[in-house]
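What follows is the residue order along each chain.
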Amino acid sequence: LPASFCGVVAFKPTHGLLPLQGSVQLSANLDHAGPMAHNVADVQLLFNVLAGASPLLSPEHEHARPPTLGVPMRFLQGRLSSGADEVFDALVSAVRDTGARVADVDISGLEAAPSIQTPVGWPQAYLVHQAALEADPDSFSPQVRAALELGGRITAAEHLTALEDRARLAAALASSFQQ
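Residues numbered from 1 in each chain as written. Predicted model: local features only at pLDDT ≥ 70, side-chain atom pairs only at ≥ 80, totals over all residues. Heavy atoms only, no water.

## Focus on the environment of Val102
Residue placement: Val102 occurs in strand 4 (residues 101–104). Exposure remark for Val102: the relative accessible area of 12% places this residue in the buried category. Residues Val102 and Leu69, spaced 33 residues apart in sequence, show a C-alpha to C-alpha distance of 4.9 Å. Residues within four places of Val102 in sequence aside, it is in contact with Leu69, Val71, Met73, Val92, Val95 and Arg96. (Helix = DSSP H or I, 4+ residues; strand = E, 2+ residues; numbered from the N terminus. Buried < 20%, exposed > 50% of the residue type's maximum accessible area, 1.4 Å probe, protein only. Contact = heavy atoms within 4.5 Å.)

Below, the structure is given as structure tokens:
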């Protein structure tokens, strides 16, 4: 989001990899900067410029070993909508056709990720936007206003527990990709 709503391609890099100076904060724990463009090649080029990296697909990398990509296949079963599952399977096949290895990874606790996001991010978002929300609640869309108000009702204990849960999930992710 928002790329998926706008018909463009986006890349969400590792948290903190690209600077957020000059952006309007929503949640320090969740905010990311990442490029959006019309196609993958442009996203890659823009990311490399923003990150100060050399192009990833330059000629000197032609003979590099194909990557191994970890995908939580079992976790995704039954979670993708009809149609999306077919597109995803075709994408995995296309990645394999490039010579890349696709490994099924089992990530302990991944199913809890959606329930962790709300108590981690929305209390911070509420604090950032509290004054504006109280002064003019109608300046926010109904969906954003509802999420911010929910953030204001999440207790400190719920927020801290979710941060601990997030740290455990991050450790499980890191461990699963050691292979």
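Moving on from the coordinates now.
## Side note on helix 2 (residues 40–51)
An α-helical turn contains 3.6 residues, so any two residues separated by three or four positions project in the same direction. Relative to the 16 Å expected for 12 residues at 1.5 Å per residue, helix 2 spans 16 Å between its end C-alpha atoms, a close match to the ideal helical length. For helix 2, the secondary structure elements touched by its buried residues are strand 1 (9–10) and strand 2 (36–37). Of the residues that open helix 2, the one with a side-chain oxygen 3.2 Å from the backbone nitrogen of Ala41 is Asn39. Once helix 2 finishes, Gly52 follows within two positions and takes phi at roughly 70 degrees, a positive value. (Expected span 1.5 Å × (residues − 1). Polar contact = N/O pair within 3.5 Å; in protein donor to acceptor, adjacent residues only side chain to side chain.)

## Regarding the packing of helix 5 (residues 113–135) against helix 6 (residues 142–153)
Interhelical geometry of helix 5 versus helix 6 gives an angle of 105 degrees and a closest axis separation of 7 Å. As far as their axial angle goes, helix 6 and helix 5 are roughly perpendicular. Packed against helix 5, whose contacting residues are Thr118, Trp122, Pro123, Ala125, Tyr126, His129 and Leu133, the element helix 6 presents Arg145, Ala147, Leu148, Glu149, Leu150, Gly151 and Gly152 at the interface. Looking at the contact of helix 5 with helix 6 residue by residue, the classes come out as eight nonpolar, four polar and two charged. (Axes fitted to C-alpha atoms, helices over the stretch in contact; angles between N-to-C directions. Parallel < 35°, antiparallel > 145°, perpendicular 65-115°, else oblique. Nonpolar A, V, L, I, M, F, W, Y, C, P; charged D, E, K, R; others polar.)

## A few points about the environment of Gly7
Relative to the helices and strands, Gly7 is located in the loop between helix 1 (3–6) and strand 1. Judged by its relative accessible area of 67%, Gly7 is exposed. With 32 residues separating them in the primary sequence, Gly7 and Asn39 have C-alpha atoms 9.9 Å apart.

## Brief notes about the environment of Pro19
Among the structural elements, Pro19 can be located in the loop between strand 1 and strand 2. Remark: the alpha-carbon pair of Pro19 and Ala162, spanning 143 residues in sequence, is separated by 25 Å.

## Quick word on the packing of helix 5 against helix 7 (residues 156–176)
For the pair helix 5 and helix 7, the least separation of the axes is 9 Å and the interaxial angle reads 130 degrees. Put simply, helix 5 runs oblique to helix 7. For the pair helix 5 and helix 7, the sense of crossing is left-handed. Contacts between helix 5 and helix 7 pair Ala113, Ile116, Pro119, Val120, Pro123 and Gln124 from the former with Glu158, His159, Ala162, Leu163, Asp165, Arg166 and Leu169 from the latter. Residue composition of the contact of helix 5 with helix 7, by class: eight nonpolar, two polar and three charged. (Left-handed = near helix turned anticlockwise from the far one by under 90°.)

## Side note on helix 7
With 21 residues, helix 7 extends 30 Å from end C-alpha to end C-alpha; this agrees with the ideal 30 Å at 1.5 Å per step. All buried positions along helix 7 are accounted for by His159, Ala162, Leu169, Ala172 and Ser176. Summarising the axial view, the buried residues of helix 7 lie within an arc of 135 degrees, below the 170-degree limit, and thus occupy one face. Within helix 7, the exposed residues directed more than 90 degrees away from the buried face are Ala156, Ala157 and Arg168. (Arc of directions from axis to C-beta.)

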